[in-house]
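Notes for the structure review
Listed below are the residues making up each chain.
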Amino acid sequence: MSITVNPINPKRPSFAGVVSGIDLRQADAGMRADIELALDTYAVLVFHNQPFSDEEQLTFSSPFGFLESSRGSVHPKHTHRFDNRLSDISNLRADGKIRPTNDRRWMSTLANRLWHSDSSFKPTPAKYSMLSARILPSWGGETEFSDLRAAYDALPPRIKAKIEDLVAMHSIKYSRAKLGFADFSQNEIALNKPVPQTIVRTHRGSKRKTLYLASHAGEVIGMSVPEGRMLLHDLIEHATQPEFIYSHTWAVGDFVIWDNRCVMHRGRDFDMSEVRDMRRTTVGDIAPTLEQKKVQEETA
Ligand code: OGA
Ligand code: MN
């Protein structure tokens, strides 16, 4: 192991670790392999003092797999501040000014404050998200993470049996609808048809079972819409009890990697008259969740 990892909360040794003493700009294949191994255990890894430029963040992230391009590009009026493989997690416009609170993109981005797993609305969702803190507001703006493997373990056997083979439909239209946002372009509607995702997955690296949930989930196949939504609501409520949460308070230069296959996250409120500028690189998974489950069952 070329890296040193310690659990942030020693009482929770298998969720949220802090990695010390390394400069990720110097990462080589061995260090990346060790980071992947540590992620299999901790699911969330915090690295302090990583002053990445955009180019350096891309160079660090891209060997982990296919880098997703940012969703914002599908709206015709949206202009990017930088390379499309970096998601712009900020309240800034392309001209560098703070977005007004009625700004279309800002209203849509507010859905980041609902519990979610990145890109669960894509046929093949995200594996890792890698978020770099560049400019922070004076208060708030924490990011919270929920341990979906521990949450699965804590379910009563009756619920485990009920959800074992269930499939939910995910779309950004469901998460946005929770906030009353429906101002989608034709292109966004065409590109964001609901996609199926299994509710229970087996996490490849740890072989542990995990819930797979997000506010993007809006229906459960084989159930009425209200029944499916109630089940999803109950599961998210269960998974976001305090004992399953790590809340990250950011410092400039912090870099956090999380495994979307077994973690939900959400951003928290901050003062919108202040700048919060974060950049995310996102590594796609290898296949849709249903395909992964089929392969796992065939090879079990
Ligand atoms: C994200 C996200 C929340 C935050 O980057 O995917 O949801 O705290 N961020 O900015
Ligand atoms: Mn997110």
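Below or above, wherever it landed, is the structure these notes cover. (Residues numbered from 1 in each chain as written. Chains lettered and ligands numbered in written order. Predicted model: local features only at pLDDT ≥ 70, side-chain atom pairs only at ≥ 80, totals over all residues. Heavy atoms only, no water.)

Notes on the pattern of salt bridges
- Per the counting criterion, the structure on display carries 22 salt bridges.
- Across the salt bridge formed by Glu144 and Arg266, the nearest N and O atoms sit 2.8 Å from each other. On the criterion of sequence distance, the pair formed by Glu144 in strand E6 (residues 143–147) and Arg266 in strand E14 (residues 263–267) is long-range, its members being 122 residues apart. You'll find Glu144 and Arg266 in the same group, each marked buried. (Salt bridge = Lys/Arg side-chain N within 4 Å of Asp/Glu carboxyl O. Helix = DSSP H or I, 4+ residues; strand = E, 2+ residues; numbered from the N terminus. Buried < 20%, exposed > 50% of the residue type's maximum accessible area, 1.4 Å probe, protein only.)

Focus: empty space enclosed by the protein
- Following the criterion strictly, the structure yields two cavities of 30 Å³ or more and no others.
- For the largest cavity, the calculated volume is near 240 Å³.
- If you go around the largest cavity, you meet 20 residues; those closest to its centre are Ile89, Thr109, Asn112, Gly267 and Arg276.
- Listed by contribution, the elements that provide at least two residues to the lining of the largest cavity are strand E4 (87–90), helix H3 (104–109) and E14.
- Class assignment for the residues of the lining of the largest cavity results in six nonpolar, eight polar and six charged.
- By volume, the second largest cavity amounts to about 40 Å³. (1 Å grid on protein atoms, 1.4 Å probe; cavity = no way out; pocket = protein on both sides within 12 Å on 5 of 7 lines; lining within 4 Å. Points joined across faces, edges and corners; volume = space filled by probe spheres on them. Nonpolar A, V, L, I, M, F, W, Y, C, P; charged D, E, K, R; others polar.)

Focus on the coordination of the manganese ion (ligand 2)
- Donor atoms from the polypeptide that coordinate the manganese ion (ligand 2) comprise His116 (NE2), Asp118 (OD) and His265 (NE2), at 2.1 to 2.2 Å from the metal.
- Positions of the donor residues of the manganese ion (ligand 2) along the chain correspond to the pattern H-x1-D-x146-H. Here His116 is found in the loop between H3 and strand E5 (126–135), whereas its partner His265 is found in strand E14, with 149 residues between them in sequence. One exposure class covers both His116 and His265, and it is buried. (Donors = N, O, S within 2.8 Å, 3.2 Å for Na, K, Ca; no water.)

Description of the nonpolar core
- Leu24, Ile35, Leu45, Phe47, Phe60 and Ile257 are the most contacted members of the largest nonpolar core, which has 25 residues in total.
- Of all the secondary-structure elements, those providing two or more residues to this core are helix H1 (29–42), strand E3 (44–47), helix H2 (54–61), E5 and strand E13 (255–259).
- Per-element tally for this core: the top contributor is H1, with five residues.
- Contact partners of Ile257, with chain neighbours within four places excluded, come to Ile35, Leu39, Ala43, Val44, Leu45, Phe47, Phe60, Tyr128, Ser129 and Met130. (Core = buried A, V, L, I, M, F, W, Y, C linked by side-chain atoms within 4.5 Å. Contact = heavy atoms within 4.5 Å.)

So, the sheet that holds strand E7 (residues 167–170)
- An order of E8-E7-E11 is seen for the three strands of this open sheet, with the pairing classed as antiparallel. With partners counted over all chains shown, the strands left at the sheet margins are strand E8 (195–198) and strand E11 (217–220), one partner each. Neighbour to neighbour, the strand axes of the sheet diverge by 40 degrees on average, direction disregarded.
- Pairing of E7 with E11, which is carried by three bridges, proceeds in the antiparallel orientation. The residue of E11 that forms the bridge with Met169 is Glu219.
- On the sheet, helix H8 (residues 225–239) packs against E7 and E11 and is oriented at approximately 125 degrees with respect to E11. (Pairing = 2+ DSSP bridges. Axes fitted to C-alpha atoms, helices over the stretch in contact; angles between N-to-C directions.)

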